[in-house]
Structure formats: structure tokens, C-alpha cells
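# Commentary on secondary and tertiary structure
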Amino acid sequence: MRAIFLFNHDAGHQVAHLAGIAAATARLHPDIETVVAYATPEIRGRLEELIEPASAQLIRWEELELPGWRKAVATTFDRVLPASRLMRLRANIPLFASANMIISTERTCLRLKKHLPQDSMPYFAKVPHGAGDRSVAYHPDYTRFDRSFVAGPKVVDQLVAHGVSRERLVIVGYPKFEGIDLDARERFFDNDNPTFVYNPHFDPNLSSWYDEGPELLRWFTSDAGKDFNLIFAPHVMLFKKELHVSPEYKIARKRPDVPEEALEAENVLIDVDSPRLFDMSYTLAADGYIGDVSSQIYEFLARPRAAFFYDSRREKLEEDDEWHLFWDAGPVVQTTAELTTLLPEYREIASQYRDKQVELFSYTIDLGDRPASERAADAIADAVKEQAGR
């Protein structure tokens, strides 16, 4: 029996959601061969940071290589499409056909269903890379997964409401929290001023960066903002390319650059590409959170504090009203001028929203009495044996 853990992405932000589950499966279920299929040496490096050596030795490692010509073609099209991801899947069909179960943090793995033998089709399982509320959290493709291992009852309710069978959903908790001290607070500035983390998304319709972000950074460099610190920690994909396309909203926008004055300011930390963008260093260090639609808000709310949100939507879909749940955790604004008048009141705002934040967090993430990775590993083992016995 074989379970393939698929790490087929172009950045490392999803790795921590699945790495611990792969390690736990290898450790707790030696009767199942645990295979880690990874996209790049950089992804493997991130995996080896998170998986202890004893468990790593129990894993079969497979790099999803692309032949030279395919890699060149894919790189050209990666600017607008996930070409490398799709071509890596097609180039490794024999490996995936050998699996009883394929576990991934994203939906592109479902493309394999067109190319694998129907009479021995492996189970497909999803571990969400986050626990947010917007439409991608309950995309129709979820009905095509044989299992989804989710963080808590909120996602179960979302998916069942959108047609996913309850029997295919297993609450396991939030594996990314394992190995992280949620009480830690790293110091990033040589002063005791309040620190905010600004975490805009990359989606060109939903992200605040395109219209409001540069102005916010300039405010922190001005006399009005000099008594506050800012960590600019966007979604890691925002600065991977200059042109962003939203298939969901059919919008494309060019990404603005970081203002020069923010790059030089002592009270502004700029990070657009390091692992700290997704290892919770910044969200744990801040006194307040500024965002728009990123599910990182729920990682921030592991410790309730002040939160502020931009509603930057240019085009609105009919179902958009369904994903405002996380906006109940703090004030929602449309402009930087509105936001900056509220920031000095962050302590009072934190107190005002604390009870709602605690309620949202417990509904979203089931911490449980047992590590999430072990709960997921046991559920995977059961599903693998079910598929093998068909």
C-alpha cells in the first residue's frame, strides 16, 4: 500500500500544512509506504526543516522532474498559468498510478483523474493550506475529493452546505501549529513601539495592495506613523510576478512596487520572499494585524489581538457575501485614510473584539488533545486500506 504526499507548488508556503502528516504516516503506519513527491530542491529543503531525520529516513523521496524542453516551456507560461505544476503531474503519471492515495494541499492534483486508469484510481485527499472563509475554501472541486482533512467544524459546515458528503470530511485540527510556540514573540525592532503586520493577498480583485498598500506603507514612514512599527509580510505569491490574473473574477492587474521611502525607513520591515512569510514569525510578533482576505488571520488569532481589514473588491460575485466571517474579527475599512485613524486605538479595538475572535478561532480550528498530524495520519491509513480493499 502506498500514500503519496504531493508538494507540487512553486513556493514553500503550503509545506507546513502537510509535512507533519507525511512524517506521522511514515512513523505510525509502516505497513503503508509513505512517498513524498516534491516539485523543487527548495521545496525539499523546506520539508527537511520540518521533518525530523528519524521520520525522513522512513520516507521515499521523489523529485517531480521536468525534462529540459518541458521546463523551458512551462517557465514561459508560468507568468499567467500554473504551467509547471500541471506539466509535472503529466510527466510523472507512472508514479501517481502506483498510489492508493494522493494527498495534496491544492486542487490541481485532480487533473490526474483524466490520465490514470479508472479501474484502479487512487483516492484523492485534500489538506487545506489554511482555514479561511472565502470561496476557494469551498470550491466545487471539493466534491471530487474522496477525503478532506480539515481544521475544524467551520470548514465542515461550509463544505456540507456546498454539496460535499459529510462522510468524506474528517476534522483533524491544524498541523501547521505543531512545533510552533504560539506564545512566542520575536523582536524585530529596536524600540518598544506597537508593531503591526500587513498581510495583503495576491488576488488582483481582492487584495488591498494594488490600490491602498503603497499608501499605507508611506503613512508609516510619515510623521503621523513614526510612533508605530510595520512588518510588511504579503502573501508569498504577491511578489513572485508583476502581472496577476484572477481566473475567478476575470481580472488582471500589474502589481505596484514597494515605495522607496518604506525600504529606507527604520520602523518598516519589508519581506516579500523569505520563509518568515509563512512560518508565523511575523503574525506572532505583532500587536495588530492588517489584512484583506488571507486565511493567515486565523493563525494570528491563535492569540487574540487587534485586527483590521480592507474590503478592496472591485468586482463582486453573487456568492461573495458568504465569506465575510473573518471580517467579524475587527473593523473593516475601504481606504487607508479610514484605517490610519483607527490604528492608535488598537488596544481598545482588541478588547472590543476579543470575545468574537475567540469564538471564531474555536469554530475554525479544533486544537484537540492529540497532534493534528497523528489524527490525519490515522485517517489516511484507514482510507488507504479502504481503497486497497476495493
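Whatever comes next refers back to the structure up there.
Every chain's residues receive numbers from 1 upward, in the order its sequence appears when written. pLDDT decides what is reported in this predicted model: residues at 70 or higher carry local features, side-chain atom pairs at 80 or more are listed and counted, and totals for whole chains, interfaces and linings draw on all residues regardless. Excluded from the side-chain calculation are hydrogens and water; included are all heavy atoms of the structure.

Each salt bridge in this description consists of a side-chain nitrogen of Lys or Arg and a carboxyl oxygen of Asp or Glu lying within 4 Å of one another. If you walk through the whole model with that rule in mind, you get 25 salt bridges. Where R370 meets E374, a salt bridge forms, and the shortest distance between an N and an O atom there is 3.3 Å. Any residue under 20% of the maximum accessible area for its type is buried, any over 50% is exposed, and the rest in between are partly exposed; the area is computed with a 1.4 Å probe on protein chains only. A relative accessible area of 35% places R370 in the partly exposed class. Several salt bridges share partner residues, and in doing so they unite R27, E52, R370, E374 and D378 into one network.

Attention now goes to helix α1 (residues 19-28). Labels follow the DSSP assignment, with helices taken as runs of H or I lasting at least four residues and strands as runs of E lasting at least two, numbered in each case from the N terminus. Counted residue by residue, α1 has seven buried out of ten residues, so it is predominantly covered. Among the residues of α1, A19, I21, A22, A23, A24, T25 and A26 are the ones counted as buried. For α1, the secondary structure elements touched by its buried residues are β1 (2-7), β2 (33-38), α2 (41-50), α3 (53-56) and α14 (372-388). Residue contacts follow a heavy-atom distance rule, with two residues in contact if any of their heavy atoms lie within 4.5 Å.

Side-chain alternation along strand β4 (residues 101-104) places M101 and I103 on one buried face and I102 and S104 on a second face that is also buried. By definition, two strands form a pair when at least two bridges between them are found by DSSP. One ladder, built from four bridges, connects β1 with β4; its direction is parallel. Bridging from a neighbouring strand, F5 pairs with I103 of β4. Relative to strand β5 (residues 123-126), β4 runs parallel, the two being bridged by four bridges. Looking across to β5, one finds that I103 is bridged to A125.

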